[in-house]
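Topology and contacts: notes
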Amino acid sequence: MTHDPRLALLRAALDAAERGWHVFPLRPGSKRPALHGEKSCPRTGECSGGHRKWEQRATTDPDRIRTAWSRAPFNVGIATGPSGLVVVDLDTPEHKGSSDAPDGAATFGALCERAGQAVPDTYRVRTTSGGTHLYFTAPAGVRIGSTAGTVAESVDTRGWGGYVVAAGSILPAGQYEALSAPETVLVPSWLHSVLQPAPKPAQAPSVAVAGQSRRYADVALANETRNVVTAQHGSREAALFRAARALGRFVAWGDLPRHLVEQALQEAGEATGLSASECRSTLRSALNWSITHNSRRGATA
């Protein structure tokens, strides 16, 4: 009997949806979304009222899932935010491209120990790079975003604005593999505290000024993300570095959350062909520099 990868991947998508996790198709053999982008949006069907991105189009509807996965052996993406999940991504030194890089699992274990807790017994998935995804239930009514390197080096998180590749998905390097039963526990309180957005400054600018600053910051985020996506081969990393430097000041001033900038530029960098580790390293250094040198509004970086 011939193994049909399309049926296996459909089953993986349906299994995730049955648990209330919102799924969407990823390109066969890839981690990238298989849905159309804004530039090629037909403005019909789901997008008749305007372009809907992968996070908005992720679904738990079994009929929609069967229709989508009947077309190709798509890998399975889980939109963590709509699914009520926070997924901790623990990288390996090999994935970072350096034996000197910290091991994400060891680092996370040390963080748990420092908090006086054991590493939680929750749903785990092994990635094709040898890393691990730990799935947690997000607290009710709390919107937790995605981060890269905020918790610790080699420890990233996926919440709103992020997604993970589901168990059963197949990459050239192998298959994502479930290591336990799909039962998730609540995100640890110490981790929740780390992931909470920083409190607003006591002396906030007027509502009108703050609103204008945020609008300008949103436009800047869109423009810089586009600059990265359209960068020519050979100048991609430089474009990513410049974008992070430019947007870091808005993070320093409280106009943009750091996780939002990291997520947008990480996705843009990877879309140009840069590796995930290259993007993370460039973003971390450029953002840290910009935030440090733009502590006062009006400073230039």
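Every chain is numbered independently, its residues counted from 1 as its sequence is written. Only residues with pLDDT of at least 70 are given local features in this predicted model, and only at 80 or more are side-chain atom pairs given and counted; all residues enter the totals for whole chains, interfaces and linings. For side-chain calculations, the full set of non-hydrogen atoms in the structure is used, while hydrogens and water are omitted.

**Section: the side chain of Asp 89**
Put simply, the rule is: The helix count covers DSSP runs of H or I at least four residues long, the strand count covers runs of E at least two residues long, and both are numbered beginning at the N terminus. Note on classification: 1.4 Å probe, protein chains only; a residue is buried when its accessible area is under 20% of the maximum for its type, exposed when over 50%, partly exposed between these limits. We treat Lys and Arg as the positive residues and Asp and Glu as the negative residues; His and chain ends play no part in the count. For this document, the term salt bridge refers to a Lys or Arg side-chain nitrogen within 4 Å of an Asp or Glu carboxyl oxygen. Any two residues whose heavy atoms approach within 4.5 Å are treated as being in contact.
With respect to the helices and strands, Asp 89 occurs in strand S3 (residues 85–90). Within the buried core, Asp 89 has no salt-bridge partner, and the shortest N-O distance to an opposite charge, that of Arg 158, equals 4.5 Å. Ignoring any residue separated from it by four or fewer positions in sequence, one finds Asp 89 in contact with Thr 132, His 133, Ser 154, Val 155, Asp 156 and Arg 158.

**Description of the environment of Glu 270**
Note the threshold: Here a polar contact is recorded for every N or O atom pair within 3.5 Å, except that within protein the pair must consist of a potential hydrogen donor and a potential acceptor, and residues adjacent in sequence are included only if both atoms are side-chain atoms.
Counting through the fold element by element, Glu 270 comes out in helix H9 (residues 258–271). For the pair formed by Glu 270 and Arg 236, sequence separation is 34 residues and the distance between their alpha carbons is 9.9 Å. Apart from the residues within four sequence positions on either side, Glu 270 is in contact with Ala 276 and Cys 279. Here the side chain of Glu 270 touches Gln 266 through a polar contact of 2.8 Å, side chain to side chain.

**Some thoughts on the confidence of the model for the protein**
Low pLDDT marks regions whose predicted coordinates should not be analysed in detail. Rules: Residue-level confidence of the predictor, termed pLDDT, takes values from 0 up to 100.
Residue-level pLDDT values for the protein average 85, and 88% of them are 70 or greater. Every residue in residues 199–209 scores below 50 in pLDDT, and together they form one contact with partners more than four places removed in sequence or on other chains.

**Quick look at the sheet that holds strand S8 (residues 163–165)**
How we decide: Two strands make a pair as long as DSSP finds a minimum of two bridges between them. In this description, a line fitted to the C-alpha atoms serves as the axis of each element, helices being fitted only across the stretch in contact, and the angle between N-to-C directions of two axes falls anywhere from 0 to 180 degrees.
In spatial order, the strands read S1-S2-S8; together these three strands make up an open sheet with antiparallel pairing. Of all strands in the sheet, those with a lone pairing partner are strand S1 (23–26) and S8, marking the two edges. Recorded for the sheet is a direction-independent mean angle of 35° between the axes of neighbouring strands. Sheet analysis places S1 next to strand S2 (residues 75–79), joined by four bridges and oriented antiparallel.

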